[in-house]
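# Architecture and fold: a report
Listed below are the residues making up each chain.
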Amino acid sequence: MNITDDQLQTVVQNVIKRMSTMDISSGSATSHSAGATGQWGVFNNMNDAIDAADKAFGQYCRFGLQDRKTFVDAVRKVALDYKEEFSRMAVEQTGMGRVEHKIAKHINVAKYASGVEFLQPESYSGANGLALDEYAPWGVIGNISPSTHPSPTMLENIISQLSGGNTIVFNPHPGAKRLNAYVIQCCNKYIVDAGGPENLVTCVAEPTLESAQIMFEHPVTRLLSVTGGPAVVQAAMKCNKTVLAAGPGNPPVLIDETADLALAAKEITASSSFDNNILCIGEKQIFVVDSVFDQFMRLFENEGNRKLIGPQMDNLASKALSLKGKHYLINRDFVGKSASVLAKAIGINISDNVPMLFGETDKNHPWVLSEQMTCCIPVIRVPDFKQGVEIARHSEHYFRHTASVFTQDMNRATEFSRRLDCSIVVINGGTLRGNGGDMGQGTFSHTIASPTGQGITNPRDFCRRRRIMTSHAMRFV
Ligand code: NAD
């Protein structure tokens, strides 16, 4: 049989493509060695990962907005096609959260992460000519992703940043590195299948503090997008570069005597227990005005939550929280654990269906001051609404991240919102409702940039605003 060069080339390409697909579908992103040339975006060396993303940018910037939408839609499809597998892997690798809630987070990303529609140009026409403001990419964006939502944060960052015309390099959290490498491989595969360039998204296979530092300082990464705790936000900000920082929160709730207490109990239960309370926007402490405190405690217990009494809150705190420097931090082993796992640590057996443990503490208790990110929440008596606002504000550590208030007095709600001054304030609802998606209104993101002020991020936040002005010409009307 005679075979032409073209036919031979097609056969070879198909075989290579099938081999690559097999690599990915096996879910063994860790087991293959990611060489200097990378495997669907995964590299052994951070410098190689950055160079590949830079080279990809040279190709990507030639595509138009419609093409970007096609590639971003391919990433949304990854979120939907792999939602169960990614969610199972996240729980296995990090030991945090609940598979069913993680699946919901992937669906939210696919449906609601902001895309190219955010990049409408603005124009100004007048006697002096025409000015056009457009959103231009930075180039390669260096990203840090957290262990708490490894794949949803990564997928949402990819959708936002590719929409903005950028390419992307990640230093993923070491605790989820295998999952994160797999996510990147799947995204690149789907993008290439949709006609896009290779390596629009890259990462290093073995992320370390050193590889993060290389990414921070590399001249090619002109913008850093950092989602994580205080240490990594501080480290990135030292780099003399533009940083978009999605840092920690410690969201307080304030409930006054006019509030619908049954609604508050129901909303806080659903919101704080979601994915075992590892969301930075999930409620972390509840302040209740004294006159309705006991009634609220009964209603919160009626929602299925387990009340801890007397020394039990202290006992659990002594196991789960440690004083590091001036701050109480949660021990890694206790992050994202269910109420039943926490209860077991102090010798109590309860069903895995119990949403939260809760108990009364004072306002300076470690449970109040730490961002605990687990299924135990302190409830604190406050004398009145006014003092409650100040105590809640202090407990939030002035991160200005997220807070909520339950009251029927809209003047009080306004006062609370102004005084707390957070990126997200929710009135009469669970804090999760503040981040759009199926439960809320408005835009949605897993990168809520409180320290640097962007709040719930969208593709514009990953762009530079550029103007072109034609002086005394092109005024068409
Ligand atoms: P983490 O801070 O432990 O880790 C984040 C990443 O930073 C990891 O990749 C880690 O290796 C790296 N890192 C830590 N210190 C570093 C340093 N000095 N230099 C370079 N890299 C460093 O965070 P986590 O436990 O994975 O996530 C939880 C934290 O993230 C919580 O504080 C939570 O509130 C916050 N968070 C915020 C948002 C938001 O939108 N604002 C979203 C998710 C998580």
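Residues numbered from 1 in each chain as written. Predicted model: local features only at pLDDT ≥ 70, side-chain atom pairs only at ≥ 80, totals over all residues. Heavy atoms only, no water.

### Focus on the nonpolar core
Quick note on the threshold: Side-chain atoms within 4.5 Å link the members of a nonpolar core, which is a set of buried Ala, Val, Leu, Ile, Met, Phe, Trp, Tyr and Cys residues. Burial status follows relative accessibility: with a 1.4 Å probe on protein chains alone, a residue under 20% of its type maximum counts as buried, one over 50% as exposed, and anything between as partly exposed. Counting from the N terminus, the helices are the DSSP runs of H or I reaching at least four residues and the strands are the DSSP runs of E reaching at least two. Contact criterion: two residues are considered in contact whenever any of their non-hydrogen atoms come within 4.5 Å of each other.
One finds Ile255, Ile268, Ile286, Phe296 and Leu357 to be the most contacted residues of the largest nonpolar core, which totals 42 residues. Of all the elements in the fold, those that place two or more residues in this core are strand S9 (252-255), helix H10 (261-273), strand S10 (285-289), helix H11 (293-302), helix H12 (311-320), helix H13 (339-345), strand S14 (357-360) and strand S15 (376-382). Discounting chain neighbours no more than four positions away, the residues touching Phe296 are Ile255, Leu261, Ala264, Ala265, Ile268, Ile286, Val288 and Val379.

### Digging into the packing of aromatic side chains
So the rule is basically this: Aromatic rings from Phe, Tyr and Trp, with only the six-membered ring used for Trp, were paired whenever their centres fell within 6.5 Å, and each pair was classed as stacked if the ring planes differed by under 30 degrees, edge-to-face if by over 60, and tilted otherwise.
Using the criterion set out here, one finds eight aromatic pairs in the structure. Here the aromatic rings of Tyr60 and Phe71 are separated by 6.3 Å at their centres, their planes lie at 40 degrees, and the arrangement is tilted. Of this pair, Tyr60 sits in helix H2 (residues 46-60) while Phe71 is found in helix H3 (residues 65-81), placing the two residues 11 residues apart along the sequence. On the numbers, 5.3 Å between centres and 80 degrees between planes, the contact of Phe63 with Phe71 is edge-to-face. Judged by its relative accessible area of 2%, Phe71 falls in the buried class. Pairwise contacts between aromatic rings join Tyr82, Phe86, Tyr182 and Tyr190 into one cluster.

### Looking at the site of the ligand
The following threshold applies: Throughout, near means a residue has at least one heavy atom within 4 Å of the molecule or strand. By the criterion applied in these results, polar contacts are pairs of N or O atoms within 3.5 Å in which, for protein atoms, one can donate a hydrogen and the other can accept it, and in which residues neighboring in sequence qualify only through two side-chain atoms. Per-residue and other accessible areas were derived by the Shrake-Rupley procedure at a 1.4 Å probe size, with only the shown protein chains allowed to occlude residues. The residue classification treats Ala, Val, Leu, Ile, Met, Phe, Trp, Tyr, Cys and Pro as nonpolar and Asp, Glu, Lys and Arg as charged. All others, Gly included, are polar. Residue ranges assigned to the domains are those given by an automatic or database domain assignment.
Taken together, 30 residues surround the ligand, and among them Ser147, Gly229, Arg332, Glu371 and Ile448 come closest. Note that an oxygen atom of the ligand is positioned 3.4 Å from one of the backbone N or O atoms of Gly228. Protein contacts shield 87% of the accessible area of the ligand, which totals 840 Å² for the unbound molecule. Going through the elements one at a time, helix H8 (209-217) and helix H9 (230-237) are the ones with two or more residues in the shell around the ligand. A per-class count over the shell around the ligand returns 15 nonpolar, 13 polar and two charged. The residue makeup of the shell around the ligand includes at least three contributed by each of domain 1 (5-247 + 458-467) and domain 2 (252-422).

### Digging into the pattern of salt bridges
Should the charged atoms of two oppositely charged side chains come close, the side chains can pair. Heads up, the rule is: Salt bridges are defined as contacts in which a side-chain nitrogen from Lys or Arg sits within 4 Å of a carboxyl oxygen from Asp or Glu.
Across all of its chains, the model carries 24 salt bridges by this definition. Between Asp73 and Lys69 there is a salt bridge whose closest N-O contact spans 2.8 Å. Taken together, the residues span about one helical turn, with Asp73 and Lys69 both in helix H3 at a distance of four residues. As a salt-bridge pair, Glu122 and Arg465 come within 3.0 Å of each other at their nearest N and O atoms. Of the two residues, Glu122 is situated in strand S2 (residues 122-126) and Arg465 in strand S20 (residues 463-471); the sequence distance between them amounts to 343 residues. Residue classification places Glu122 among the partly exposed residues on the basis of a relative accessible area of 31%. Judged by relative accessible area, Arg465 falls into the partly exposed class, the value being 45%. Beyond isolated ion pairs, a larger network of salt bridges with shared partners links Glu122, Asp133, Arg465 and Arg467.

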